[in-house]
Structures are given as structure tokens and as C-alpha cells.
Amino acid sequence: MALKIVKGSIDRMFDKNLQDLVRGIRNHKEDEAKYISTCIDEIKQELKQDNIAVKANAVCKLTYLQMLGYDVSWAAFNIVEVMSSSKFTYKRIGYLAASQCFHESTDVIMLTTNQIRKDLSSPNQYDTGVALTGLSCFVTPDLARDLANDIMTLMSHTKPYIRKKAVLIMYKVFLKYPESLRPAFPRLKEKLEDPDPGVQSAAVNVICELARRNPKNYLSLAPLFFKLMTSSTNNWVLIKIIKLFGALTPLEPRLGKKLIEPLTNLIHSTSAMSLLYECVNTVIAGQYWFSVGSKELCVQKLRILIEDSDQNLKYLGLLAMSKILKTHPKSVQSHKDLILQCLDDKDESIRLRALDLLYGMVSKKNLMEIVKKLMLHVDKAEGTTYRDELLTKIIDICSQSNYQYITNFEWYISILVELTRLEGTRHGHLIASQMLDVAIRVKAIRVFAVAQMATLLDNAHLLTGNMQRNGICEVLYAAAWICGEFSEHLENPMQTLEAMLRPKVATLPGHIQAVYVQNAAKLFATILKSQEGNTDSTAAQDTSQLMIDRLPLFVQSANLEVQERASCILQLVKYIQKLQQKDVEVAEEVNALFAGELNPVAPKAQKKVPVPEGLDLDAWINEPPSESESEDEQPKAIFAKEEPKHSRPRHTEVDEKELARRREARKQEQANNPFYIKASPSSQKVYQDAPGVEHIPVVQIDLSVPLKVPGLPMSDQYVKLEEERRQKERAEKKKKEKKKRKEKRSGRGKKHDSGPESEEDITPAHQVDIVTEEMPEVKENHSSKFSNIFFLHLLFWVCDDKKSSKHKKKKQKKEKEEKEKKKKKKHHHHHHHSDGGGEESVQNGTVEEEEPLPVSLSHRLINPQVVYDIQGNLQDGSQVVVSVIFENKCDSFLKSMEFNVLDSLNSKLQRPEGSGPHDGLTVPFQLPPGVSNEARFVFTVQSIVMPQKLKGTLTFIVKVDSSTHEKLDFKLHFTCTSYLITTPCYSDAFAKLLESGDLKGSSVRLEGVNMPFHHLLARICFHHHFSIVERIDSCASMYSRSIQGHHVCLLVKTSGQTVSIDAKCDEPTLLGNVLDEIKQTFSQC
Amino acid sequence: MQFMLLFSRQGKLRLQKWYVPLSDKERKKISRDLVQTILARKPKMCSFLEWRDLKIVYKRYASLYFCCAVEDQDNELITLEIIHRYVELLDKYFGSVCELDIIFNFEKAYFILDEFLLGGEAQETSKKNVLKAIEQADLLQEVSSFAVDRFSAH
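For clarity, every value in this text was computed on a predicted model and none was experimentally measured.

Visitor: How should the interface of chain A and chain B be read in this particular structure?
Guide: It is common to give the size of an interface as the accessible area lost on bringing the parts into contact. In this assembly, 64 residues from chain A lie in contact with 61 residues from chain B. Roughly 5800 Å² of surface becomes buried between chain A and chain B when both sides are summed, with 56% attributable to carbon and sulfur atoms. When the area that chain A buries against chain B is broken down by residue, the three leading residues are Met67(A), Arg92(A) and Trp236(A), summing to 14%. Counting across the chain A and chain B interface gives 6 salt bridges.

Visitor: What is the right way to read unusual backbone geometry from this model?
Guide: What is expected of a backbone is that most residues other than glycine have negative phi and most peptide bonds are trans. Its identity is not glycine, yet His1025(A) carries a phi of approximately 60°, on the positive side. Relative to the assigned elements, His1025(A) resides in the loop between helix H42 (1013-1024) and strand E15 (1027-1032). Overall, the relative accessible area of 4% leaves His1025(A) in the buried class. Its identity as a non-glycine residue notwithstanding, Ala62(B) has a phi of 50°, on the positive side. Mapped onto the elements, Ala62(B) comes out in the loop between strand E4 (54-61) and strand E5 (64-70).

Visitor: Explain the packing of aromatic side chains here, please?
Guide: Given two aromatic rings, their pairing is described by the distance between the two centres and the angle made by the two planes. Under the defined criterion, the tally for this structure stands at 19 aromatic pairs over all chains. Ring centres of Phe102(A) and Phe138(A) lie 5.8 Å apart, and the angle between their planes is 65°; this geometry places the pair in the edge-to-face category. In this pair, Phe102(A) sits in the loop between helix H6 (88-101) and helix H7 (113-120) while Phe138(A) sits in helix H8 (residues 125-138), placing the two residues 36 residues apart along the sequence. The exposure classification of Phe102(A) matches that of Phe138(A), with both residues buried. With a centroid separation of 5.3 Å and an interplanar angle of 15°, the aromatic rings of Phe7(B) and Tyr65(B) are classed as stacked. Placement of the pair is Phe7(B) in strand E1 (residues 3-8) and Tyr65(B) in strand E5, with a sequence separation of 58 residues. The buried category is assigned to Phe7(B), whose relative accessible area is 0%. With relative accessibility at 8%, the residue Tyr65(B) sits in the buried group. One aromatic cluster is present, built from ring pairs that chain together Tyr403(A), Phe409(A), Trp411(A) and Tyr412(A). Over the aromatic face of Tyr386(A) sits the side chain of Arg351(A), whose NZ or CZ is 4.1 Å from the ring centroid. The ring centre of Tyr61(B) lies 5.8 Å from the NZ or CZ of Lys59(B), which sits over that ring.

Visitor: Help me understand the packing of H7(A) against H8(A), please; the structure alone is not making it clear to me.
Guide: To characterise two packed helices, one gives the angle between the axes of the helices and the distance between these axes. Residues and elements named next belong to chain A. Packing of H7 against H8 leaves a shortest axis separation of 8 Å and a crossing angle of 140°. Put simply, H7 runs oblique to H8. Contacts between H7 and H8 involve Ile116, Asp119 and Leu120 on the former and, on the latter, Asp127, Thr128, Ala131, Leu132, Leu135 and Phe138. The class makeup of the residues in the contact of H7 with H8 is 6 nonpolar, 1 polar and 2 charged.

Visitor: Is there a simple way to explain the side chain of Thr1058(A) in this structure?
Guide: Residue and element names in this part refer to chain A. Tracing the backbone through its elements, the reader meets threonine 1058 in strand E18 (residues 1058-1065). At a separation of 3.2 Å, a polar atom in the side chain of threonine 1058 contacts the side chain of glutamate 1007. Once residues lying within four places of it in the same chain are set aside, the contact partners of threonine 1058 are Arg1005, Leu1006, Glu1007 and Lys1053.

Visitor: Sorry if this is basic, but what is going on with the sheet that holds strand E7 (residues 893-901) of chain A here?
Guide: Within a beta sheet, neighbouring strands are joined by backbone hydrogen bonds and run either parallel or antiparallel to one another. Strand order in this open sheet of 4 strands is E9-E7-E11-E12 (chain A), and the pairing throughout is antiparallel. Here the strands that pair on one side only, and so sit at the sheet edges, are strand E9 (921-922) and strand E12 (963-974) of chain A.

Visitor: Explanation requested: a positive patch on the surface in the structure shown.
Guide: All names here are of chain A. Together, Lys608, Arg663, Arg666 and Lys667 give the surface a local cluster of positive charge. Among the elements that line the positive patch, the one with the most residues is helix H38 (residues 656-672), at 3 residues. If you trace the backbone, lysine 608 turns up in helix H34 (residues 605-608).

Visitor: How should helix H28 (residues 474-485) of chain A be read in this particular structure?
Guide: In an α-helix, one turn spans 3.6 residues, which is why side chains three or four residues apart end up on the same side. All names here are of chain A. Under the 1.5 Å per step criterion, the end-to-end length of H28 is 17 Å for 12 residues, consistent within 8% with the ideal 16 Å. H28 sits mainly inside the fold: 10 of its 12 residues count as buried. All buried positions along H28 are accounted for by Val475, Leu476, Ala478, Ala479, Ala480, Trp481, Ile482, Cys483, Gly484 and Glu485.

Visitor: Sorry if this is basic, but what is going on with the confidence of the model for chain B here?
Guide: It should be kept in mind that the predicted coordinates are not to be read in detail where pLDDT is low. All names here are of chain B. Considering every residue of chain B, the mean pLDDT works out to 85; 92% of them sit at 70 or more. Per-element confidence in chain B is highest for E5, whose mean pLDDT is 93, and lowest for helix H5 (residues 127-153), whose mean pLDDT is 69. In this model residues 146-154 is a low-confidence stretch, pLDDT under 50, and it forms 8 contacts with partners more than four residues away in sequence or in other chains. Our summary of model confidence lists the complex with pTM equal to 0.59 and ipTM equal to 0.92.

Visitor: Can you walk me through the pairing of strand E3 (residues 48-51) of chain B in this structure?
Guide: Two faces make up the sheet, and in a regular strand the side chains alternate between them. Residues and elements named next belong to chain B. Relative to E4, E3 runs antiparallel, the two sharing 4 bridges. In the strand pairing of E4, leucine 49 is matched with isoleucine 56. Between E3 and E4, which pair antiparallel and follow one another directly, the connecting turn spans 2 residues, one of which, arginine 52, has a positive phi of 50°.

Visitor: Would you mind showing me how to read the confidence of the model for chain A here?
Guide: All names here are of chain A. Summarising the model, chain A shows a mean pLDDT of 75, and 76% of its residues fall at 70 or more. pLDDT under 50 marks residues 629-652. Its contacts with residues more than four places away, or in other chains, come to 0 contacts. Below a pLDDT of 50 lies the segment residues 677-713, which in the model reaches 95 contacts outside its immediate sequence neighbourhood of four places, other chains included.

Visitor: Help me out: how do you make sense of the nonpolar core in this one?
Guide: If you look at soluble globular proteins, the nonpolar side chains tend to sit buried side by side. One finds Phe102(A), Tyr412(A) and Tyr86(B) to be the most contacted residues of the largest nonpolar core, which totals 283 residues. Looking at this core element by element, the count peaks at 12 residues for helix H30 (residues 510-532) of chain A. Not counting residues within four places of it along the chain, the set of residues in contact with Phe102(A) comprises Ala76(A), Ile79(A), Val80(A), Met83(A), Ala97(A), Val108(A), Ile109(A), Phe138(A) and Arg27(B). Core analysis: the next-biggest nonpolar cluster, separate from the first, contains 30 residues, Leu894(A), Met897(A), Leu927(A) and Phe939(A) among them.

Visitor: Would you mind showing me how to read the sheet that holds E5(B) here?
Guide: Residues and elements named next belong to chain B. Judged by pairing direction, the sheet is antiparallel, and its 5 strands sit side by side in the order E2-E1-E5-E4-E3 without closing on themselves. Every other strand in the sheet has two partners, leaving strand E2 (13-18) and E3 as the edge strands with one partner each. Across the sheet, the axes of successive neighbouring strands diverge by a mean angle of 20°, strand direction being ignored. Bridge analysis of E1 against E2 gives 5 bridges, and the strand direction is antiparallel. From the neighbouring strand, phenylalanine 3 faces E2, where its bridge partner is tryptophan 18.

Cut-offs applied
- Residues numbered from 1 in each chain as written.
- Chains lettered and ligands numbered in written order.
- Predicted model: local features only at pLDDT ≥ 70, side-chain atom pairs only at ≥ 80, totals over all residues.
- Heavy atoms only, no water.
- Contact = heavy atoms within 4.5 Å.
- Buried area = accessible area lost by both parts, 1.4 Å probe.
- Salt bridge = Lys/Arg side-chain N within 4 Å of Asp/Glu carboxyl O.
- Helix = DSSP H or I, 4+ residues; strand = E, 2+ residues; numbered from the N terminus.
- Buried < 20%, exposed > 50% of the residue type's maximum accessible area, 1.4 Å probe, protein only.
- Phe/Tyr/Trp six-rings, centres within 6.5 Å; stacked < 30°, edge-to-face > 60°.
- Lys NZ or Arg CZ within 6 Å of the ring centre and 35° of its normal.
- Axes fitted to C-alpha atoms, helices over the stretch in contact; angles between N-to-C directions.
- Parallel < 35°, antiparallel > 145°, perpendicular 65-115°, else oblique.
- Nonpolar A, V, L, I, M, F, W, Y, C, P; charged D, E, K, R; others polar.
- Polar contact = N/O pair within 3.5 Å; in protein donor to acceptor, adjacent residues only side chain to side chain.
- Pairing = 2+ DSSP bridges.
- Patch = residues over 30% accessible without salt bridge, like charges linked within 9 Å, V, L, I, M, F, W, Y side chains within 5 Å.
- Areas by Shrake-Rupley, 256 points an atom, 1.4 Å probe, with all protein chains shown as cover.
- Lys, Arg positive; Asp, Glu negative; His and termini not counted.
- Charge placed at Lys NZ, Arg CZ, Asp CG, Glu CD.
- Expected span 1.5 Å × (residues − 1).
- pLDDT = per-residue confidence, 0-100.
- Core = buried A, V, L, I, M, F, W, Y, C linked by side-chain atoms within 4.5 Å.

This is the structure:
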């Protein structure tokens, strides 16, 4: 015996203890698994020994191995052995091992009941403690049932150390053995007033957790908790109590009224963020908005959280904000700036939270602005995941509730087109489906959409150039379909057809090729129709030949769909060609192939189709299933007793009024639902309602929106346009309102709130609509007619104050001609002007004495402002349209205006046929005081490499008492910049361009430029119509293209205050002038 | 609280405490998933993430990540406080704790945690009380193990 003990202890000397094991594992990094398996073998040997110390050591090591992921369930019995040791050291290890390794399915647990009971009643509080702790981890329903009484007794133990643990573990017992709750509850409630704060807090904890599961049983405790809440200073307890009340208030609304005061007190006073957050959250969740100022308080506190530099607080602030947003979007919307700031945060999870918030924050008013901001983020986002997230968010935001917030679909299409520039996105199909959806449902946008899609098709190589960004080529699917389906709107269908039949198309995925082929046929039909009317019949035959030449490539396609369509269409075209050779007119019939408009169908449309006579939808097609199956279903009825349906009788209860109301509501609903097709028939209108753009005289358009049609759209411009448009609308509205007010003033002096513009005030420029016959804002369509558009803003006003010329639209350049002596004329005068800045209404000083108006106005027309902005388009390199806004700033009537420009060799004003080269053009409107209107004039330009100035005169008659003839001189400055069009360029295309060697270089240095690099770039983009190709740190490459197709490439570098621009262009003169203009821009600032 | 995990920057689990009954397989899967997710996060990111239907609160102290999973209605900030308290307790007990202390005395780390949390709820918010309980239990252990050593040596 003695020998055995000695042997045991000698063995022990060589045993590994836990530290040795850990060290060993760390030393055997290469063959860890092997080392551990030898260790486990050793442990198995140790467990076989009688010495409890050895066993405990082995179990301790096993617990460690278990954490590393090794299976130790085979040692469960040994763990129980160690647990039942009388020595605390081993017992502690045994219980630890059990709590780590046991779970409900461990069968030896049932052997432990008596041992645990014994330990619970041990005189040593640490034995009891260790047993309770262990039990909390592995308690099973059986253990809970058998030990519930023992634990309940411990709740009244003399030592708070035990009471506290017993109270807490009762929660686990209740979960496993719910019957124990009823007998234990009185004692638990007693513990809420235990002298020991730890026990008290444990009781609060348990009751709070219970109440979260089943609040209504705990309502009776509310007064007690209320007392605790107002007296306790322990934040841990307070948080739990507040949480508990959060669960109770939905059942007892009166509680909310009582709670709001202590809650707001806590919000004001606490310095603990966790408590503050809990209170705010409870106020939000409980909807305690009846209390005045509670909402403001919450939002204000959350703002502080979001502004905090601690990422965690920022995150939680945004999280809580999004909860308020659900019920009170208005109060969150006012913090838009803050949320937008969070998009710049370096923490992605915060950015994503902010994005979520933005989704709910958009309104008609701010959509463009928010999306613009998001687009900026898309450009600079690192990592495709986040960028893709941004992309989907942009689309989600714009398309939510049936495009409810979009007022200008041209803008949206432009955004979609810009998104196609994203490299490596997976969401090409998403963009594509949006394009299709918008083009189909917003009729008025089709002209614009088709033009954009044609450009996309034309530049398809940019999208598909890199196989890695394959996802984006889905967009071509939409582009091809839109161009085919709405081909009657195409400006240059031949070019598009050419683009669709390029050999490169064969590298696209099959389903896209199929759409290409099918829509090439549609295009072909349209072209045929336009060509057949012509005298020259060869054109039509050429088109057929093009099809016959190109289609065989697709006939060879491996894709079944492509092959089938292509061979079908090829044969058809061959047949058509045969007919053409015989001079048979075929266009009508070919078009019939694709006649008929595709309309979206409401999901519920099927219900409207009457059931044909004799068809019984309820009849069984096959024999009803066998009896046994129906029996299986019967038991369900026990749980969900269906009420007998008697919808018929219910109808009779509805009175007429109710019916009328419902009908009205339904109509309203239908009107707003683009999926709902109204009765008006419009199926065969394909050819008729293409707006006849041609016969709209150029000068007669009175546009509320200044026209600009860039080559590829820059969505930013729309933002500005939109602002202008809204301002005009607002001005008009105000005018109307003023009138109304005048009328009403005699009445009762009702208040008209002409304050901040409300959501409803913003009328959309386009509407999502599929039915209405009238196209919203047809005017918009004309814009595409004009290739290059100048902006010229002629402002007339009576002026002796130079400050009044401070209208600034960033894009505008000013030119002033000082012309007149100063008259000491003062005038009380408000200038409303409709240009972009818009926020300032200039006031020309206040009057001291009114003098009568002098008869002649000529003296008073000082400082005419010529303001213009040039946007070009690639489609016609020699034509520009100048859009002039005439604004009458004086208070006399102006009429018989004539606009004339002294032509130069290079630039000529286009005059109607038959008129001489010096004749002026009549402005087709008169201007009452304070009114502005717009007219446009077409110029032909030959060379665009040099800037030039054209002198012009405007003659008009001023009508005061008698009419006088007046003249106004101005200059039109055609800068070289104005011939540039913002054209996006991909970096690989850009590189190729530079490599080609056709471009000539030049460079310029700008000194003392004191602005951040991205501002600088933005300025170049903005003023000089460049787009950024790539930006790396303080270096960026930029690209632009002239209306005559010159490429202009810039490499902008900055170091300190010096900016160097290396530029290349295929036209050195143009380049030199553009650089001079850029230099000028920066010298002004 | 549903569970607490401690793991190193290399993704090695240093401590795990589960307050909900789960099979070993599920536990392994959860800890593997979470360790990966958290290690992939950038250092400047906030301490919270939504994971399945739970909220994960984690914080890094030196080379160790402390990570807790709480339920949807639970307070993230107080959970952070719990983590911080636990770190303070370890620090007091070991005297400026480091990862190795926890590796080599992992059972002690568990004992401290068990005195601080029980069944996933904070049982003692006073650091002093927790440490006192641990010290006394340790004392008991040393006395008894001393006796056993003496006994088994003879």
C-alpha cells in the first residue's frame, strides 16, 4: 500500500501539469495534433489511477483541450468523480470542467443530482458557490425539477454571497422547469427589498428577464419598481429597471405618463452613456411622444452621440436615430447634414448605418442632393463590397415607392448611366432593370433615354473592355432593348444599328446577344420605314445589305437562342431584299412585325379577366386526393379554427357613404399606382404620338428649365436645373398666393403660410405613368433637338449701384460694359432673378426720396449683364444654340425687341432664309416689368480652336407714356472651354489615347493656389467641363472632348501651393487656349 | 448574455463561456465564424455588429479580443462595461495581466469570470467583492492542496 502511494507520487512528479501541457503545445506548433494525441493518451492513463489529485490534474488538462476543440466527452464520468471530491481544490476543477464540457445530452449528469444537492447544503459557502455556478451552466430540466427546492431555500441563506447566486440561478431554473416559478415568486419578490444591494440587483435582473418574456404577469410590481427607479443610484440596476418598464408600458399606457418625467430627468442628468442610451431607447420604443419636447430631447441627445468622436456612440446614435425615423421622419430629416457627414466616416459599419438612415430620409426636395453626395462616395469608395452596397442603396433610394421622390427622370437616367462606369460591380442587372422600368413606364423620358442608350451602345467597348467587370455588361441588355423598342425616337438609327451589329458583340453573353439580334431587327424595320419614303431607294437596300452582311456571325453562335433568332431574321431580311429589288414597298409590313405597344401589366390583372363560360375553376382536374390525406389535415383545425366566411352579408352593412369613400380611395390609389392600367385605349399609338419636334420654332420656346443636353449626361447639372425650376415654380406660386391674399385680405385675414416649401409644392418634371395620354412636360423633349446650347442672360435693370451685379452663378462669366453716366436716381426695387444661385434677392438700396421716372430710359439701362454658359454636344460639331434670358428689371414695358449679332468669319448667327446678313432677329415676346423670358438663337461655328467675342445689339421699344426706341450693346464671349463637353473616359481608354502618340503636349503652372486638391479638381471639372479619369493622391488625370471631337487630356499634380498641369491634345491651339482659360479661372480665386 | 469568447489576434480561442445550452458542434461553428468576422474588421471600427439575430459586442485589449453575444434588446454599452470590468478584474488579480497569464492560468480566468457573471448576468458589480471572494476561495484551495501534497508525499 505504502509502495503504491509512493509510486503514485513519483509518477506524479513526471506528470505534466496544465502549465506543462500549455508549454508543450506551444513548443509543438508544427505537429500539434500529434503532440496532443500523446497527451490525451497520458491523460487516459492518469485517469485510471486512484489518486484524486492526479485525476483532477488530468481533468484540468482536458478542460483546456476541450477549449482547443478536442472531444473530451469520453471523460464525462471522470469529471463527475472529480466534482465529488471532498477537497475544494478538486471540486472546483471538477465543476469547472463540467460547466465547460457538459450539456443537456450528457447522460452522466443524472448521476450528479445527489452530489450537487450535498454541495448546495455544504457548510462551506465556496462549495455551495461553486456548485451554483456550475449548475448555471449545465442545468437540465431534470436537475431543475429535483433541485428547485434546495435552491429556493438558498435564496434565504444567511450569506448574501449565496443568496445572490441562488437568486440569479433561479432564472435558469424557471426556464428549465417553469412550474417552479409560482412557488418561488413570492420569495423572489421579497429579494427586491433585500438589504444587500447585490442580491437586490440580482432580483431585479431576474424579474426583468422574466418580464421581457411575459410582461403581463409583472404589471403588479410596477409601483415597487417605480420606487426603486427613483431611489436607486446604481446604473446597472437602473438600466434593468428601465428595460423592464419598456416591456411593461405597451400593456399599461398610463405607465408611460408616469415614467416620462423620471426618464427625462435621467436623460438630462446622467453622465453614464449606457444609461442615457437606455433611457433614450426606451422613450423611442415606448413612443412617449405625448410629452412635449421628449422627441426633441431624444433627437438632440442622439445628435450629441453621433457627433462624438467615439465610434461606438456614433454607431448607436445612428441606430437609435433610425428607430425615430420610422415614426418621425421629419425630426430626423433636419439632421441630414450630420448623417451625410457620417458617410465620410472611416468605419464601414457606421457608413452602412448612415446609408440605411438616408433611405428613409429622402424627400422630393433633397433626393438629388443626397444622391449626388452618394455618387461622390461611389467614386472614391474603396473595396467593391461597399461600392456595390452604395450602388444598390442609390437605386433603392431612387426607386422606392414607385419612384415617389423622383421629380426629374432625365436626371435619374443620367445617374444610371453614370453608374455603369463602376468597375467590377456585380449589379449590372440591377441598373439594367431600372433602365428598362423607367423607359417603359415614363413615356416622356423615352426620347432622352433612347439617346442615352444609343450612346451606351456606341461605347459598348468601354463597358466590356475588361472581362473582370463583366457584371456591368448586363446594362447593354437594357440599352439594346430600349433602342430597339423605342427606335422611333432614335436620332441616328443607322449608327445605332451599326453599333448593334459589330463583330465585338459576339463576345457578349448569349442572352444579351439574343436581345441585340432581336432589336436590330426592330431597328431595321424603323429605318426601312424612314428610308422608303425617300426617292433614293438604294439607301434602304444598303441597310438590308448591312443586315445580311453582319447577321451570319450570329447565326454561327453557339447559343441556341442567338442562333435561332439570327437565322430567322437573316432569312427574313434576305426575302425583304428580294422584294426591294423589285421595288416593292415592304416597310409597312416589316413594321407590322413589331407593332403594338408593350405595356406593363398589373400583378392582379388576371382577376379582371372574366372566366369564360363553361369553365369551372373549382372543379377537380384529377380525382380528389384520398381520404387518409384529408384526415391528416384535420387536426390543424384544432389550433386555427377558421371563422366561417360570410363576406356577402358583410357587404350589405356598408352604407352608401362608405362605398363612395372607398371608391374615392381606390381611385386615388389607382391614380398613384403605375401598375394600374386605366381604361383609355392606347395600344396602337406607336407611330402617332412621337412628338413632332421639327415644327417647333426655335425661338418660341418659353422654358421654365434652361436647356442643356450634354453628350453623356452629368447628373450634377440636373441638380442645379432642378433648383432653378423649383425656384421659378415657387416664385409663380408666390405670385399666385399674393393675388389670393389680396383677394382674401378683405375677408378675414387668414394666414397663408408661404414659409418653407413643403413636399407637395414640388411638382415633378416627369411622372411615372403608363396610361395618361398627355406627356408630362413635353417641352423637355425639345431639348434634345439642340446640339449646343449657350446661355445668355441679359438682365436689364435700373441701376446705380454696382453691388447689384453680384449675381453669381458659378458657371457664369460676367462681362460688363460701363456705359453711362451716373444718375442720382434711387429706386426702391427688388430684383428677382431666376439664375441658379437664387438665394439672394438683390436690393438696390433704399430710397430716401422718390423722383418721378425720367422719360427717357436710356440713361438708366446701365450694366447690362451678359451671362452665358456653354454646353456642347458631339452630334453636330458646327452648331451652337444660344439661349438668352431677357429679364426686364425696369418698371416699364418693353416690346419689339430685336436681337442682332455682328457675324465674324468664323461664327455666324443663323437667320431665316431670305434675310440679309445684317438683319436682326425678332424676339418673339414682349416683356412687362419684372418679367423674364427666354429665347434661343442658333449660331454656326467653323473653327473652335480660338476663343472669340461677338458684338451684338438688342434694340427695343420702351413704353412709358410715349414709346422710345432704345439700344443695348452686349458681347458674347465664346471661350474654348465652352466647346468642350464633359465626356467620361475609362482609364484604359485614356492610357491608349496617350500611347497613340497623336497628341501634342503643353503645360502650365499655377502658383499660389490655396485650396484642397479635390476642390481644385472639382473646379476644373465644373468650369472647364472635364471629367476625372483617375486620381491617385495628389495627382489626377482628366479628360474632355470638344464638340468637334478633339481629345483633351490633363495630368494635374499638386505640391504645396503649386499646381502643374501637363496637357495633351490633338489640336495645340485649342489646348493653349483652354489652358489659358484654366489659368484665368484660378487667378480669379 | 449568451456567451463570451476570448481569442487572440491569431484567432486562437483563449477562453469561452456559454450561457445557453448548445452542442459542441454548434459552439465550434459559432466561435469559428465570429473569430473570423471580428478579426476581419478594421481596428478603427466600432465595437458592435449584428450577427444572426444577436448583437455582438467586442473589444480588443492588447493582443486579446473579448467578445460577448447579447440579445436584441440588451444594452451594448453596458455589455462593453462588463467586458471592461472583467479586464480590470483580471488585471487586479494577475497584476497587469497579459495574454500568457490567461493561457497558463486559464482556470483562474474562469473562476474570476464565474464570480463576476452568473448565468450570463452580472452578479456582482463591486470589483472589491469579486476579488475578495476569489482570494478566499484561493486560500481555501491552497490550504487543502498543501494538505493533500503533504499527505500524498508521505
